[in-house]
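What the coordinates show
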There are 2 protein chains.
Amino acid sequence: MFAELAEKGIKARLAARRLGALDTATKNHTLKCMADTLMQREPEILSANDHDIDAGQEAGLSEALLDRLLLTIHRLESIANDVLAVASLPDPVGETFDARTLPNGLRIGKRRVPVGVIGVIYESRPNVTVDISALCLKSGNAAILRGGKEAVHTNRALAAAIAEACERSGAPQDAIQLIQSQDRALVKEMLTANRYIDMIIPRGGASLHRFALQNASIPVITGGIGICHAYVDESADPAKVIPIVHNAKVQRPTVCNALDTLLIHHRVAADLLPRIADDLARAGVELRCEPRSLEILMGHPAARSAGPADFDTEFLSLVLAVKVVDSLDEALDHIYQHSTQHSDVILTENYSHAMRFVNEVDSAVVYVNASTRFTDGGQFGLGAEVAVSTQRLHARGPMGLKELTTYKWVIFGEGQVRE
Amino acid sequence: MFAELAEKGIKARLAARRLGALDTATKNHTLKCMADTLMQREPEILSANDHDIDAGQEAGLSEALLDRLLLTIHRLESIANDVLAVASLPDPVGETFDARTLPNGLRIGKRRVPVGVIGVIYESRPNVTVDISALCLKSGNAAILRGGKEAVHTNRALAAAIAEACERSGAPQDAIQLIQSQDRALVKEMLTANRYIDMIIPRGGASLHRFALQNASIPVITGGIGICHAYVDESADPAKVIPIVHNAKVQRPTVCNALDTLLIHHRVAADLLPRIADDLARAGVELRCEPRSLEILMGHPAARSAGPADFDTEFLSLVLAVKVVDSLDEALDHIYQHSTQHSDVILTENYSHAMRFVNEVDSAVVYVNASTRFTDGGQFGLGAEVAVSTQRLHARGPMGLKELTTYKWVIFGEGQVRE
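Residues numbered from 1 in each chain as written. Chains lettered and ligands numbered in written order. Predicted model: local features only at pLDDT ≥ 70, side-chain atom pairs only at ≥ 80, totals over all residues.

1. Observations concerning the overall build of chain A
Scanning chain A from N- to C-terminus turns up 14 helices and 16 strands. Principal-axis analysis of the C-alpha atoms places the extent of chain A at approximately 70 × 65 × 35 Å. Counting all 419 residues of chain A, 52% fall into the buried class. (Helix = DSSP H or I, 4+ residues; strand = E, 2+ residues; numbered from the N terminus. Buried ≥ 20, exposed ≤ 12 C-beta atoms within 10 Å, placed from the backbone.)

What follows is the structure, encoded as structure tokens:
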């Protein structure tokens, strides 16, 4: 094992033991110190970021990537404010639930405790460094962070500020540790370092998630990849359909909860599909149509013929795959076969169809008559979002602070023994 | 991939889709059919078992192993009754929780759904075949079972009875499938068959759990391995200490929640340790003592010197490691270093020490003044026990039917879009 990983793993375990016992006031104080320190160290953080941006330009990074990498005074302020927002959230740790007294008098209950050590593997966005550190601290977890090589100087400057804040405020200095090595082999080792890490959160694109899932023996929170479907039922209310499809596709097309596939019942397709297409075309959306929908949209400037991969693609752009179906059953089968189990919606006024859709579509979030864009920790009222899980265990959909915890059973007795 | 695994994986996915939609009455009817079919097929099940027992005797299996393998009319009846008991438990699937209405009018909640496909890898006990099948069916999960080669004929006969019961009662015939191949390489493939299996439950000894954990990319419910500690505090009530230590060590020493290590405060050791030793010696317990406790028990017939591995051993027999400590802190440190995070208990009348112990010991179950033997799904009122988890995510401690489920978010809207 890489010496750096083993060393930081041991320190993280010790830090986690102390973090689990910190009270909420101390943790909030640390978060406030963190926000302060980030602003105090602004000159050195921005200069480290300049360094990364220069290197990125030399390496020929795209404008989009450089923009993700860029910190400004304004962006740093906004990152520091996000830390303060985490401080103001309720602390999930310590909550007792499922408590009861057994017939033999044992008082039994579950108590919420931190997961332990969280391993975070991410790409070039430096805000993740601070964001995930604040969430881990608030939930009493230690973290081992491995950021992308493009942001290496920025991440080091941010991690130094975080460590200083921890040290100054009574939190363990090793609560949040940044892996310095940029060796890809270390990432692979992180994924099987079960002794040191309890949960892996990959933050990035589909290939990072796949890599983590395939190589990890530690539980991985896979997610963030959404091929989202809207099914427009025969009975759908056109007054709802057009705004919802528009919002789900256009409002922010680059994110995982944006719409990718439109399924539409054949009885309403001839009327509705051209109206949907007109609306989307005005927003610059390109429609990738299978033959029946292409026939209806024949000659429409936004319509193209769908390729074989279009119903299995998360577009992350102004592209929508379109298909006419003969029934709710055909829509359910299509979703079953192509879903990434993220967010899917039925547009219908038919009660039984609405119920069948929410019963039978097995995605993290299933909607009736609402935009898939609501799949988000903030929108769901969780206060913060750690990730959107599309795996099945531990947590599904938007994950907040609570989803960075687990529980232990606490049992108070008076001498009870088992018969 | 082994053709058998891929084929059964595909069938399991299809079965899981249907199982998730079955109502409770149908599932209970299937369980009743299962109990009936097991009794109707008794002659052929017992004759298959004879076959396994004969083969086991020829292969020189130990008496203990042969006894685990053996089915009798009485044991088969008891297995069938356990299936009926599962039918009588409440169905966890469909429960709505954390439901609320957001300010924008969206009605949002979590709905409990089956995990999907459970992979079970177990050793020679044929009762596991039926037991886990009943629990998976009741919770709406499909299962792929891989039993030990010693029980291969018995398991085939049991699986045939289960498949017949499913077919006759409206459940998918492929709900429960038994892997026929005895190739060890297939087990390794099962652990990474993420497309087909959502959760792996190993049922067996420590080496099976380690193998599963090291080789799986699917989430594994590790557990069942308990190095359980009792710490006798300075203020412990002797009237509680002796019965609890006795019960935890002696009542059923072969199971994971039995006591392995006794830590005792030096101020009470001279008085209490000989009394504990006398009591345990009468039950045939051997004490493995570090130097300070050996000094106190010098010449006691049950006392031996502890070897270097004795504080890291799950004895599963009438052996107890014993250590004198100077403080609660030393006890907490010892537990931190040697725990398998299963079940640990403090015996104390000191309020602050009790609170510190339950706060700081991070095990699945933490007790004050009660026997560790209570760590059990039945004892905790869960109705049935799938496993005792000592991993941290999804579920800790005794797992019942609810822990074989996950949730999805269900959202009812009236045309809401995101601003």
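2. Some remarks on the interface of chain A and chain B
Buried accessible area, meaning the area lost when the parts come together, often serves as the stated size of an interface. At the junction of the two partners, chain A supplies 59 residues and chain B supplies 59 residues. When residues of the side of chain A that touches chain B are assigned to their parent elements, the largest contribution, eleven residues, is made by strand β16 (residues 405-416) of chain A. (Contact = placed C-beta atoms within 7 Å.)

3. So, the relation of the copies chain A and chain B
Turning chain A through 180° and shifting it by 0.0 Å along the axis lays it on chain B, with an RMSD of 0.0 Å. The transformation just described matches what one would write down for a two-fold rotation axis. Using C-alpha coordinates, one finds that chain A approaches the rotation axis most closely at His394 of chain A, a distance of 2.0 Å. In this assembly the copies share their binding face: 100% of the residues contributing to the interface of chain A also contribute to that of chain B. (Least-squares fit on C-alpha atoms with pLDDT ≥ 70 in both.)

4. Let's talk about the packing of helix α2 (residues 24-40) of chain B against helix α5 (residues 73-87) of chain B
Residue and element names in this part refer to chain B. Contact geometry for α2 and α5: axes closest at 8 Å, N-to-C directions at 175°. The angle between α2 and α5 falls in the class roughly antiparallel. Between α2, through Asn28, Leu31, Lys32, Met34, Ala35, Leu38 and Met39, and α5, the contact on the second element is made entirely by Leu76, Ile79, Ala80, Val83, Leu84, Val86 and Ala87. Looking at the contact of α2 with α5, its residues break down into twelve nonpolar, one polar and one charged. (Axes fitted to C-alpha atoms, helices over the stretch in contact; angles between N-to-C directions. Parallel < 35°, antiparallel > 145°, perpendicular 65-115°, else oblique. Nonpolar A, V, L, I, M, F, W, Y, C, P; charged D, E, K, R; others polar.)

5. Observations concerning the domain arrangement of chain A
Each assigned domain of chain A is listed with its residue range as follows: domain 1 (3-221 + 395-412) and domain 2 (228-374). Each of domain 1 of chain A and domain 2 of chain A has a C-alpha centre, and these two points are 36 Å apart. (Domains from an automatic or database assignment.)

6. A look at the pairing of strand β1 (residues 96-101) of chain A
Residue and element names in this part refer to chain A. The buried fraction of β1 amounts to zero of the six residues, a small share that puts the element mostly on the outside. By the bridge criterion, four bridges tie β1 to strand β2 (residues 107-114) in an arrangement that is antiparallel. Bridging from a neighbouring strand, Phe97 pairs with Lys110 of β2. The hairpin turn running from β1 into β2, its antiparallel successor, is five residues long, and Gly105 in that turn takes a positive phi close to 90°. (Pairing = 2+ DSSP bridges.)

7. Points about the environment of Leu71 of chain B
Residues and elements named next belong to chain B. Note on placement: Leu71 falls in the loop between α4 (63-69) and α5. Since 22 C-beta atoms lie within 10 Å of it, Leu71 is described here as buried. Placed 37 residues apart in sequence, Leu71 and Ile108 show a C-alpha to C-alpha distance of 49 Å.

8. Observations concerning the pairing of β16 of chain A
As judged from the eight bridges shared by β2 of chain A and β16 of chain A, these two strands associate in the antiparallel manner. Bridge pairing in β16 of chain A links Arg112 of chain A to Tyr407 of chain A. With five bridges connecting them, β16 of chain A and strand β13 (residues 365-370) of chain B associate as parallel partners. Across the sheet, Gln416 of chain A pairs through a bridge with Ala370 of chain B, a residue of β13 of chain B.

9. Some remarks on the sheet that holds strand β3 (residues 117-122) of chain A
All names here are of chain A. Pairing within the open sheet is parallel, and its four strands lie in the order β5-β4-β3-β6. Edge strands, defined here as strands with exactly one partner in the open sheet, are β5 (176-178) and β6 (199-203). The average undirected angle you get between the axes of adjacent strands in this sheet is 20°. With five bridges joining them, β3 and strand β4 (residues 142-146) adopt parallel strand pairing. Paired with Ile121 across the strands is Arg146, a residue of β4.

10. Details of the sheet that holds strand β11 (residues 319-325) of chain A
One open sheet holds the ten strands; their spatial order is β10(A)-β9(A)-β11(A)-β8(A)-β7(A)-β12(A)-β13(A)-β16(B)-β2(B)-β1(B), and the pairing between them is mixed. With partners counted over all chains shown, the strands left at the sheet margins are β10 (303-305) of chain A together with β1 (96-101) of chain B, one partner each. For this sheet, the mean angle separating the axes of adjacent strands, direction not counted, is 25°. Packing of helix α10 (residues 238-250) of chain A onto the sheet brings it into contact with β7 (228-232), β8 (259-265), β11, β12 (343-347) and β13 (365-370) of chain A together with β16 (405-416) of chain B, and relative to β8 of chain A it is tilted by some 160°. Across the sheet, helix α13 (residues 328-338) of chain A touches β7, β8, β11 and β12 of chain A, and the angle it forms with β11 of chain A is around 140°.

11. Brief notes about the environment of Leu404 of chain B
Among the secondary structure elements, Leu404 of chain B is positioned in the loop between β15 (397-399) and β16. Once the C-alpha coordinates of Leu404 of chain B and Lys138 of chain B are considered, the two residues, 266 residues apart in sequence, prove to be 9.6 Å apart.

12. Describing α13 of chain A
Residue and element names in this part refer to chain A. Leu328, Ala331, Leu332 and Ile335 are the residues of α13 that are buried. Buried positions in α13, seen along its axis, are confined to an arc of 100° and lie on one side of it. Across from the buried face of α13, at angles greater than 90 degrees, the exposed residues are Asp329 and Gln337. Close packing links the buried residues of α13 with β7, β8, β11, β12 and α14 (351-360). (Arc of directions from axis to C-beta.)

13. Description of unusual backbone geometry
For His394 of chain A, which is not glycine, the phi torsion reads 70° and is therefore positive. Within the fold, His394 of chain A resides in the loop between β14 (387-389) and β15 (397-399). Given 19 C-beta atoms within a 10 Å radius, His394 of chain A is considered partly exposed. At Asn369 of chain B, a residue that is not glycine, the phi angle is positive and equals roughly 50°.

14. What to know about the nonpolar core
Core analysis: the biggest nonpolar cluster contains 148 residues, and Ile200 of chain A together with Val83 and Ile200 of chain B have the highest contact counts within it. The contacts of Val83 of chain B, once residues within four sequence positions are left out, are Leu31, Met34, Ala35, Val130 and Ala134 of chain B. (Core = buried A, V, L, I, M, F, W, Y, C linked by C-beta atoms within 7 Å.)

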